[in-house]
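# Structure at a glance
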Amino acid sequence: KAGVTQTPRYLIKTRGQQVTLSCSPISGHRSVSWYQQTPGQGLQFLFEYFSETQRNKGNFPGRFSGRQFSNSRSEMNVSTLELGDSALYLCASSLDRSRGSPLHFGNGTRLTVT
Amino acid sequence: AQTVTQSQPEMSVQEAETVTLSCTYDTSESDYYLFWYKQPPSRQMILVIRQEAYKQQNATENRFSVNFQKAAKSFSLKISDSQLGDAAMYFCAYRSARTGAQKLVFGQGTRLTINP
């Protein structure tokens, strides 16, 4: 069974631009969550989607948004990019939202903002 | 809010020896999960081991075992017979056991080096 797939692997953008990252969960998984990883702040939860609805949101500005499609694939969007948005963005999927449902991570998208 | 602390930014160990990575956490909940994830240079977070707070028995997975001290809010990872492939960043993580709580709270990580 294929794992969590994130595209693209690398992305370079300029300040002020916007970017869209994509995540395809493991087949059959319905919950997708996103994390930002930076050297300074470490790993921080961005948001979680289940059944096309955002269920949880971390402490990030409104420039960070996401969505989930009917096939459970998810995208996250960052508008008006800032230098501080440079990070590794990790997507994780789980079968559902039941207690203990383990999270499986993708390889991430490395975003560089210049 | 829950917090997770890993006090060792870096650790190194000789191949075939044993190493212990430390993790402490803070929570007011009584039911939760604790995890150790490994992140090699490939960047993918790989689940190493998990512990359910209501289980007193320490989890083990082959060469990996944990020492879970609930009262002390401590959750250390022991790696026995270290192998070169164990070199990676290791993250301790907390997750509430409430249904629907998919958010993981991570520690800052420990970089583990294996010396041949």
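Residues numbered from 1 in each chain as written. Chains lettered and ligands numbered in written order. Predicted model: local features only at pLDDT ≥ 70, side-chain atom pairs only at ≥ 80, totals over all residues. Heavy atoms only, no water.

### Here we look at the overall build of chain A
Test applied: Secondary structure elements are taken from DSSP: a helix is a run of H or I of four residues or more, a strand is a run of E of two residues or more, and numbering for both begins at the N terminus. Within these notes, the globule rule equals 2.2 Å times the number of residues to the 0.38 power, and the radius of gyration is based on C-alpha atoms. Buried means the residue's accessible area, taken with a 1.4 Å probe over protein chains only, is under 20% of the maximum for its type, while exposed means over 50%, and partly exposed covers the values in between. Note on contacts: a residue pair qualifies if any of its non-hydrogen atoms lie within 4.5 Å across the two residues. Surface accessibility follows the Shrake-Rupley procedure with a 1.4 Å probe radius. Residue values consider only the protein chains on display as shielding.
Per the secondary structure count, chain A includes zero helices and 11 strands. The C-alpha radius of gyration computed for chain A amounts to 13 Å, which stays within 12% of the reference 13 Å derived for 114 residues, consistent with globular compactness. Referenced to the eigenvectors of the C-alpha coordinate spread, the extents of chain A come out at roughly 40 × 25 × 25 Å. Here chain A holds 114 residues, and 50% of them are scored as buried. Residue pairs in contact within chain A that sit at least 24 positions apart in sequence constitute 54% of those at least 6 positions apart. With the model as given, the accessible surface of chain A reaches about 5200 Å², and the carbon-plus-sulfur share is 47%.

### Remarks on the sheet that holds strand E1 (residues 5-7) of chain A
Each strand in a sheet pairs with another by means of backbone hydrogen bonds, the pair being arranged parallel or else antiparallel. Residue and element names in this part refer to chain A. Our working definition: In this scheme, strands are said to pair when DSSP sees at least two bridges between them. Axis definition: a line fitted to C-alpha atoms, limited for helices to the stretch in contact. Angles are taken between N-to-C directions and run from 0 to 180 degrees.
If you walk across this open sheet you meet the four strands as E1-E3-E8-E7, and the pairing is antiparallel. In this open sheet, the two strands that pair with only one neighbour each are E1 and strand E7 (64-68). The average angle at which neighbouring strand axes cross in this sheet is 20°, direction not considered.

### A closer look at the layout of surface pockets
Basically, it comes down to this: A pocket, in this scheme, is an open set of points on a 1 Å grid over the protein atoms alone with protein on both sides within 12 Å along at least 5 of 7 lines, while a cavity is a set where a 1.4 Å probe fits but cannot get out; residues line either one if an atom lies within 4 Å of a point. Grid points are joined across faces, edges and corners, and a volume is the space filled by probe spheres set on the points. The classification used treats Ala, Val, Leu, Ile, Met, Phe, Trp, Tyr, Cys and Pro as nonpolar, Asp, Glu, Lys and Arg as charged, and all other residues, Gly among them, as polar.
There is about 440 Å³ of room inside the largest pocket. Broken down by secondary-structure element, the contributors of at least two residues to the lining of the largest pocket are strand E4 (31-38) and strand E5 (42-50) of chain A together with strand E10 (88-96) of chain B. Among the elements that take part in the lining of the largest pocket, E10(B) stands out by supplying three residues, more than any other. When its residues are assigned to classes, the lining of the largest pocket shows 10 nonpolar, six polar and three charged. The computed volume of the second largest pocket comes to approximately 370 Å³. Forming the walls of the second largest pocket are 18 residues, and the residues nearest its centre are Leu43(A), Gln44(A), Gln2(B), Lys103(B) and Val105(B). If you list the elements that add at least two residues to the lining of the second largest pocket, you get E5 of chain A together with strand E1 (3-5) and strand E11 (105-106) of chain B. The dominant element in the lining of the second largest pocket, judged by the number of residues it contributes, is E5(A), at four residues.

### Points about the pattern of salt bridges
The cut-off we apply is this: We define a salt bridge as a contact between a side-chain nitrogen of Lys or Arg and a carboxyl oxygen of Asp or Glu at a distance within 4 Å.
Tallying each qualifying case throughout the model produces eight salt bridges over all chains. Where Lys55(B) meets Glu52(B), a salt bridge forms, and the shortest distance between an N and an O atom there is 3.3 Å. In this structure Lys55(B) comes out as partly exposed when scored by relative accessible area, which is 42%. Residue Glu52(B) is classed as buried on the basis of its relative accessible area, which comes to 13%. Within this structure, Arg63(A), Glu82(A) and Asp85(A) form a network of salt bridges that share partners.

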